[in-house]
Amino acid sequence: MLPLLLALISGVLMAVQGSLNTGLSKAIGLLEATFIVHFTGTVLVMILLFLFSMGKGNWNAWQAAPWYSWLGGVVGVAIIYLVAASIPQVGVANATTAIIVGQVLTAILIDHFGGFGLDRVACSPQQIGGLILLAVGARLLLK
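Small disclaimer: the values here were computed from a predicted structure and weren't measured.

> Kindly report on the overall build of the protein chain, identifying the contributing residues and their values.
Summing up its helical and strand segments, the protein chain has five helices and zero strands in all. Starting at the N terminus and walking to the C terminus, you meet the elements of the protein chain as α-α-α-α-α. Here the C-alpha coordinates of the protein chain stretch approximately 45 × 40 × 30 Å along the principal axes. Looking at the 143 residues of the protein chain, the share that counts as buried comes to 15%. In the protein chain, the proportion of contacts linking residues at least 24 apart, taken out of those at least 6 apart, comes to 60%. As presented, the protein chain carries roughly 10700 Å² of accessible surface, and 75% of it is formed by carbon and sulfur atoms.

Listed below in C-alpha cells is the structure:
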C-alpha cells in the first residue's frame, strides 16, 4: 500500500512541479527555467548526499550500470522542458491528463517487453481495458 501512496504523492508533486516550472519559464524563459530546475535539484541532492550523508549506494559500482541508464538526466531535461512548454498552451489539467495516458501506455509496454533490463510483466486484458477506459476518460477531460 505504501508504494502506491508514494506514487500518488509523486503524481501530485508532478502537477505542482509543472505549474511551478511553467511560472518560472514565463518569467525567465523555457530553457533557462529548465536549467534552474535541474541546478537547484542538483544542489539539493548534493546537500543530501555529501552534507547529510543520506546516500546508501555504492559510488564504485558506477561502471556496472548499463550505458542507457545514464540517460535519465537527459530524459528529465526533455520532460521538464516539454511539460513547461505544454501547460501554457493547454492548461495544467489537460497537460497532466495527456502525461498520465502517455506514462501508463509506455509503462505497460516496458513491463510487457521487459524494457531497459527490467523483469517482464505480461500485459493483461484488464490492463488493456484499463488503458482504454483511461484514454476515454482523458478524452472527456480534454477541452
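> Quick rundown of the packing of aromatic side chains? Include the residues and the values.
For the coordinates displayed, the defined rule picks out five aromatic pairs. Centroid distance Phe50 to Trp59: 6.2 Å. Interplanar angle 15°. Geometry classified as stacked. A ring pair is formed by Trp62 and Trp70, whose centres lie 6.1 Å apart and whose planes are at 85°; its orientation type is edge-to-face. Put simply, the rings of Trp67, Tyr68 and Phe116 touch in pairs and so form one group of aromatic residues.

> Explain the side chain of Thr97 to me, using residue names and the numbers behind them.
Note on placement: Thr97 falls in helix H4 (residues 92–113). Look at Thr97 and you get buried, because its relative accessible area is 12%. Residues within four places of Thr97 in sequence aside, it is in contact with Ala138, Leu141 and Leu142.

> An account of the confidence of the model for the protein chain is requested, with residue identities and associated values reported.
Considering every residue of the protein chain, the mean pLDDT works out to 92; 99% of them sit at 70 or more. The lowest-confidence element of the protein chain is helix H1 (residues 2–28), averaging 90 in pLDDT; the highest-confidence one is helix H2 (residues 30–51), averaging 96.

> Lay out the side chain of Ser25 with the relevant residues and their values.
As for its placement among the helices and strands, Ser25 is situated in helix H1. Here Thr22 takes part through its backbone oxygen, which lies 2.8 Å from a polar atom of the side chain of Ser25. In this view, Ser25 contacts Leu30, Ala33 and Ala84; residues no more than four positions away in its chain are not counted.

> Explain the environment of Phe52 residue by residue, including any values.
With respect to the helices, strands and loops of the structure, Phe52 is situated in the loop between H2 and helix H3 (72–90). The class of Phe52 is exposed, set by a relative accessible area of 54%. Considered as a pair, Phe52 and Trp67 are 15 residues apart in the sequence and their alpha carbons are 29 Å apart.

> Before we move on, could you go through a nonpolar patch on the surface and cite the residues and values that matter?
Where nonpolar side chains cluster on the molecular surface, the patch consists of Ile28, Phe35, Ile36, Phe39, Val43, Leu44, Ile47, Leu48, Leu51, Phe52 and Met54 and spans about 1000 Å² of accessible area. Looking at the nonpolar patch element by element, the count peaks at eight residues for H2. Among the secondary structure elements, Phe35 is positioned in helix H2.

Conventions adopted
Residues numbered from 1 in each chain as written. Predicted model: local features only at pLDDT ≥ 70, side-chain atom pairs only at ≥ 80, totals over all residues. Heavy atoms only, no water. Helix = DSSP H or I, 4+ residues; strand = E, 2+ residues; numbered from the N terminus. Buried < 20%, exposed > 50% of the residue type's maximum accessible area, 1.4 Å probe, protein only. Contact = heavy atoms within 4.5 Å. Areas by Shrake-Rupley, 256 points an atom, 1.4 Å probe, with all protein chains shown as cover. Phe/Tyr/Trp six-rings, centres within 6.5 Å; stacked < 30°, edge-to-face > 60°. pLDDT = per-residue confidence, 0-100. Polar contact = N/O pair within 3.5 Å; in protein donor to acceptor, adjacent residues only side chain to side chain. Patch = residues over 30% accessible without salt bridge, like charges linked within 9 Å, V, L, I, M, F, W, Y side chains within 5 Å. Salt bridge = Lys/Arg side-chain N within 4 Å of Asp/Glu carboxyl O.

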